Amino acid sequence: NQKCGGRKKTVSFSSMPSEKKISSANDCISFMQAGCELKKVRPNSRIYNRFFTLDTDLQALRWEPSKKDLEKAKLDISAIKEIRLGKNTETFRNNGLADQICEDCAFSILHGENYESLDLVANSADVANIWVSGLRYLVSRSKQPLDFIEGNQNTPRFMWLKTVFEAADIDGNGIMLEDTSVELIKQLNPTLKEAKIRLKFKEIQKSKEKLTTRVTEEEFCEAFCELCTRPEVYFLLVQISKNKEYLDANDLMLFLEAEQGVTHITEDICLDIIKRYELSEEGRQKGFLAIDGFTQYLLSSECDIFDPEQKKVAQDMTQPLSHYYINASHNTYLIEDQFRGPADINGYVRALKMGCRSIELDVSDGSDNEPILCNRNNMTTHVSFRSVIEVINKFAFIASEYPLILCLGNHCSLLQQKVMVQQMKKVFGNKLYTEAPLPSESYLPSPEKLKRMIIVKGKKLPSDPDVLEGEVTDEDEEAEMSRRMSVDYNGEQKQIRLCKELSDLVSICKSVQYRDFELSMKSQNYWEICSFSETEASRIANEYPEDFVNYNKKFLSRIYPSAMRIDSSNLNPQDFWNCGCQIVAMNFQTPGPMMDLHTGWFLQNGGCGYVLRPSIMRDEVSYFSANTKGIVPGVSPLALHIKIISGQNFPKPKGACAKGDVIDPYVCIEIHGIPADCSEQRTKTVQQNSDNPIFDETFEFQVNLPELAMIRFVVLDDDYIGDEFIGQYTIPFECLQPGYRHVPLRSFVGDIMEHVTLFVHIAITNRSGGGKAQKRSLSVRMGKKVREYTMLRNIGLKTIDDIFKIAVHPLREAIDMRENMQNAIVSIKELCGLPPIASLKQCLLTLSSRLITSDNTPSVSLVMKDSFPYLEPLGAIPDVQKKMLAAYDLMIQESRFLIEMADTVQEKIVQCQKAGMEFHEELHNLGAKEGLKGRKLNKATEKGIIFLWDYTH
């Protein structure tokens, strides 16, 4: 948040061009007739300011000043072929000043038989949306201009509102008390404040020069429409309904498929959605969704930004335990800071309910031979060990059935250690995992195999049946850190006595001291776990990032906060997740940005507390450093496009007591992940609007390692007193859903705030057109002259180099096929006037609408040739349609070539890979045979591993 605060404020003085909200086509037409200034963009890169108006008879668009005759400085509505939102014409693409023009403020009017373009820029996205919606409505209704004269009184929405009013009008006089009207509107829209509704009634009555506490049916309908119509949702509805003011089942189906990325959608599913969300009886019966029902649907859980598939366990849970990030708590027994905070059993309840799978028990001797948990900085309050483990047993598997790790900080005498063992065996019973690890295995068991098991992490005595007790190093991490930082520290650790019974409860999480990676890789057993202080782990992560990742492929690492964090502040878990560290312990009692990241990260995979690490951090033949600059070897970078459209019902910051209810909100978008991906951008500030601020700003981020990335939306007040925080939401990249989504904002302490949301549009794309399943693809035109082909560098091992030389040609073929396919898609998108983030389905829908004659008949026919769909003209067609057909044919030809040749090319590449992989285990010996020694041999071996990983992916 401080990063945002250091940036210059950008202020939007008005989120709407007038005080009256746009709630219908009639409002758009009225605004256009009043006119406004727009920038006219010419192909020669010149831009002119012109005042545009719509004629009162709705027949033509006019602008002034102009050198042309007044009758020539106009455009007949009947000549308009299409209206495009955004910079999607040749004029915008070739204009030297295009980069300075906001995408959301630009629109184009295509007219005449040759589809000439009138390219315009509004002073805000709102104004652009009004013109685009109004013009589209006019074009689609050009044969029925009298519709607008009739106004809004006969629309389905007004008919529904009349029935609502009449049902509440007990006397049937067509008039009701203001109090009753206010209550009725609040029932229909619970998010509205009573004061705002009363103010709206006063405004309406004042405009009619009335002073009364009674409301007519017409006034009720007008107030509801102005208060409850979100302009951004209205513009979207008009766009996807083909310029109607409601959606039918077919409109909804296309919206869900093409825009929202929903698969297996049917008309029956759409009709069911309409029945559940449409408010009017007429709409439910006739199968249409009006603006209020559509708004309700967009706000529902069905349009949540979080992928519903990730609300259940969706990852492979059969990998070794070391291949997962594990939800972990530090000082779980605390609910305040670690300096003075008392021990409290509720700390365990909270952590376990949040899906925590690694909790800490700091156990000391208590009175009456009863072990206790206490904060040793505050010995006045404590809880009994027995009561804690009883609570753990009760809540251990409520949020997750996967294994729970108990990190035991043992500070007890031998006598009370035995009491601990007796109590754990009695309370946990057969849930305790005590099976001895098998030396024949190389990796830890999987979470699936360890379901509903409790694993004790702690010190262990040597495996000698005659040893009943012995000395081990102390597990008191904070005391150990204090000793290390002291002047007279001599490198020796404090020793404590450990009884055999407690030692025997430790099986696959034996605590050992970290020395260095070389020693660990040679002598550490897979069932042994090292704990690192935040300071030590940070140093290792900076100095040996690759070694840390390789170490964590096999062994568990636990990171705990620095002892200097006496306020129980939190470390940044992302720094250690980037190195593959599985157990990053967090102070759950301390809210803030770091805890937001932790909570958001473990929402995925059903919130089960285990998240599978990226394959580049698990595979034996892989190489990864968190400090990688730019593209990660073997991983396709993705582009994340986020449009912040609007906000809903923002509260004022909790700590801003001296401030009034008015806020000036803005939104920060933070990308967290590997350093190359970390980024932050912010919207403009919308002044004095907490109910429905319109931002309409689009941002793009490159994400090089999507599996490790998170997005954090933060809403702040730009005119704050004492506190600027309004709300936030953090979500893993892999859990994003594409399309129009509402983001449920959380408070500072992490609670969901009722009715407080951000409305956004999400698109995920990549250069090569692959992307994630059900996500849209970005096409970037790349000619052969600038095409980047995969280069195979020599690694210094002749045997390997010779094998992979034969892969050069098939790799080049593969790149050509991919790029040619992408270029063909780019061409057809550009001709259709669609942005790069548009899906292929949207492209084909647009294309089909362009291939229709003036009398509404198709100008082409679909012909199947060798199972491929070609389009053939039915007679003479205009040049514009010829260009579209040529682009379509090229796309089909490239698709056909790709489909027919891909398997053959891939087989050639795979054969080379298999041949090379046979030498994976022998790289070191191979280098030695070829005469390499010392550093040259190690370098060649390392290069070989990197090369094999890169080539495989």
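Residues numbered from 1 in each chain as written. Predicted model: local features only at pLDDT ≥ 70, side-chain atom pairs only at ≥ 80, totals over all residues. Heavy atoms only, no water.

A. Layout of the pairing of strand β2 (residues 36–41). Note that β2 and strand β3 (residues 47–54) share six bridges and pair antiparallel. Residue pairing for β3: E37 is matched across the bridge by F51. Counting the residues in the hairpin turn of β2 and β3 gives five residues, including S45, whose phi is positive at 75 degrees. Examined bridge by bridge, β2 and strand β8 (residues 116–121) share three bridges and lie antiparallel to one another. Bridge pairing in β8 links K39 to V121. (Pairing = 2+ DSSP bridges. Helix = DSSP H or I, 4+ residues; strand = E, 2+ residues; numbered from the N terminus.)

B. Fine view of the pattern of salt bridges. In total, this model carries 46 salt bridges according to the counting rule given. Note that K286 is salt-bridged to E282, the shortest N-O span being 3.0 Å. In this pair, K286 and E282 are both assigned in helix α12 (residues 281–286), four residues apart and thus about one turn of the helix distant. The class of K286 is exposed, set by a relative accessible area of 60%. Overall, the relative accessible area of 32% leaves E282 in the partly exposed class. (Salt bridge = Lys/Arg side-chain N within 4 Å of Asp/Glu carboxyl O. Buried < 20%, exposed > 50% of the residue type's maximum accessible area, 1.4 Å probe, protein only.)

C. Here's a closer look at the side chain of S446. For S446, the location among the structural elements is in the loop between α16 (414–428) and β18 (454–458). According to the relative accessible area criterion, S446 is buried, its value standing at 10%. A polar contact is formed between the side chain of S446 and the backbone nitrogen of K449, at a distance of 3.1 Å. Beyond its immediate stretch of four places on either side in the chain, S446 contacts M317, T318, Q319, P320 and L321. (Polar contact = N/O pair within 3.5 Å; in protein donor to acceptor, adjacent residues only side chain to side chain. Contact = heavy atoms within 4.5 Å.)

D. Structural view of the nonpolar core. Among the nonpolar cores identified, the biggest contains 77 residues, and L361 and I392 are the most heavily contacted of them. Residue contributions to this core peak at six residues, all from helix α15 (residues 385–395). Two domains each provide a minimum of three residues to this core, namely domain 4 (321–464 + 505–617) and domain 5 (638–766). Every residue in contact with L361, bar those within four places of it in the chain, is listed here: Y348, L373, F385, V388, I389, I392, L406, C407, L408 and G409. Within the second largest apolar cluster, 58 residues are counted, among which are W63, I83, L256 and I265. (Core = buried A, V, L, I, M, F, W, Y, C linked by side-chain atoms within 4.5 Å. Domains from an automatic or database assignment.)

E. Summary view of unusual backbone geometry. Between E64 and the following residue, P65, the backbone shows a cis peptide bond with an omega angle of -5 degrees. The backbone phi angle of L58 is positive, close to 65 degrees, even though this residue is not glycine. Within the secondary structure, L58 is located in the loop between β3 and β4 (60–64). Taking relative accessible area as the criterion, L58 reaches 9% and is therefore assigned buried. In the Ramachandran plot, N649 falls in the positive-phi region, its phi being about 60 degrees despite a non-glycine side chain. When you line up the elements, N649 lands in the loop between β26 (638–648) and β27 (665–672). A relative accessible area of 22% means that N649 is categorised as partly exposed.

F. Quick peek at the state of the cysteines. This structure, assessed with the given rule, holds zero disulfides. There is no disulfide at C356, and the cysteine sulfur nearest it, in C407, is 8.9 Å away. Looking at the unpaired C581, the closest cysteine sulfur is the one in C579, lying at 5.7 Å. (Disulfide = S-S within 2.5 Å.)

G. Fine view of the pairing of strand β31 (residues 710–721). Across the twelve residues of β31, nine count as buried, placing the element largely inside the fold. Bridge count for β31 against strand β32 (residues 723–732) is eight bridges, and the pairing is antiparallel. Looking at the pairing, V714 lines up with Q728 of β32. In textbook terms, the turn of a hairpin is the stretch between consecutive antiparallel strands, and for β31 and β32 this stretch comprises one residue, one of which, G722, has a positive phi near 85 degrees.

H. Representation of the side chain of Q524 within the structure. Residue placement: Q524 occurs in the loop between α19 (517–523) and β22 (528–533). Of the polar contacts made by the side chain of Q524, one reaches the backbone oxygen of E528; its length is 3.0 Å. At 2.9 Å, the side chain of Q524 and the side chain of Y551 are in polar contact. Not counting chain neighbours up to four residues away, the residues in contact with Q524 comprise V512, L519, I529, C530, Y551 and F555.

I. The packing of aromatic side chains, seen in detail. On inspection of all chains with the given rule, the structure shows 24 aromatic pairs. With centroids separated by 5.5 Å and ring planes inclined at 50 degrees, the aromatic side chains of F517 and F548 adopt a geometry described as tilted. Residue F517 is located in helix α19, and its partner F548 is located in helix α21 (residues 545–554); the two are separated by 31 residues in the primary sequence. Comparing F517 with F548, the two get one shared label, buried. For the ring pair Y526 and W527, a centre distance of 5.1 Å and an interplane angle of 85 degrees mean the geometry is edge-to-face. Summarising the burial analysis for this pair, Y526 and W527 share the class buried. An aromatic cluster is built from Y514, F517, F532, Y544, F548, Y551 and F555, whose rings are joined through pairwise contacts. In this structure, K244 packs its charged tip against the face of Y246, placed 5.7 Å from the ring centre. The ring centre of Y870 lies 5.5 Å from the NZ or CZ of K865, which sits over that ring. (Phe/Tyr/Trp six-rings, centres within 6.5 Å; stacked < 30°, edge-to-face > 60°. Lys NZ or Arg CZ within 6 Å of the ring centre and 35° of its normal.)

J. Summary view of the sheet that holds β8. The seven strands lie next to each other as β5-β4-β3-β2-β8-β7-β6, forming an open sheet whose pairing is antiparallel. In this open sheet, the two strands that pair with only one neighbour each are β5 (74–76) and β6 (80–85). In this sheet, neighbouring strand axes are inclined to one another by 30 degrees on average, regardless of whether the strands run parallel or antiparallel. Both β3 and β4 contribute to a ladder of four bridges, which runs antiparallel. Residue pairing across strands places F52 opposite W63, the latter belonging to β4. (Axes fitted to C-alpha atoms, helices over the stretch in contact; angles between N-to-C directions.)

K. Inspection of helix α5 (residues 156–168) at higher detail. With 13 residues, α5 extends 19 Å between its outermost C-alpha atoms, agreeing within 8% with the 18 Å of an ideal straight helix rising 1.5 Å per residue. Every buried residue of α5 is accounted for by R157, F158, W160, L161, V164 and F165. The buried residues of α5 all sit within an arc of 160 degrees when viewed along its axis, so they share a single face. On its buried face, α5 is in contact with β9 (175–177), α6 (178–188), β10 (214–216), α8 (217–228) and α13 (291–299). (Expected span 1.5 Å × (residues − 1). Arc of directions from axis to C-beta.)

L. The arrangement of helix α2 (residues 25–34) in detail. Turning to α2, its buried residues are A25, D27, C28, I29, F31 and M32. Structurally, α2 contributes buried residues whose contacts are with β2, β3, α4 (125–140) and α9 (231–240). Once α2 ends, the next one or two residues include G35, with phi positive near 85 degrees.

M. Looking closely at the confidence of the model for the protein. Scored by pLDDT, the protein has a mean of 85; 86% of the residues are at 70 or more. When the criterion is pLDDT under 50, residues 1–19 qualifies, and its contacts beyond four places in sequence or with other chains add up to 39 contacts. With pLDDT under 50 throughout, residues 768–785 is counted as low confidence; its partners more than four residues away or in other chains account for 65 contacts. (pLDDT = per-residue confidence, 0-100.)

N. The arrangement of the packing of α5 against α8 in detail. Running from N to C, α5 and α8 point in directions that differ by 120 degrees, and their axes come no closer than 10 Å. By the angle between their directions, the pair α5 and α8 is classed as oblique. Seen along the crossing, α5 lies across α8 with a hand that is right-handed. Note on element contacts: α8 touches α5 through E217, F220, C221, F224, C225 and C228, opposite R157, F158, W160, L161, K162, V164, F165 and E166. Broken down by class, the residue content of the contact of α5 with α8 amounts to ten nonpolar, no polar and four charged. (Parallel < 35°, antiparallel > 145°, perpendicular 65-115°, else oblique. Left-handed = near helix turned anticlockwise from the far one by under 90°. Nonpolar A, V, L, I, M, F, W, Y, C, P; charged D, E, K, R; others polar.)

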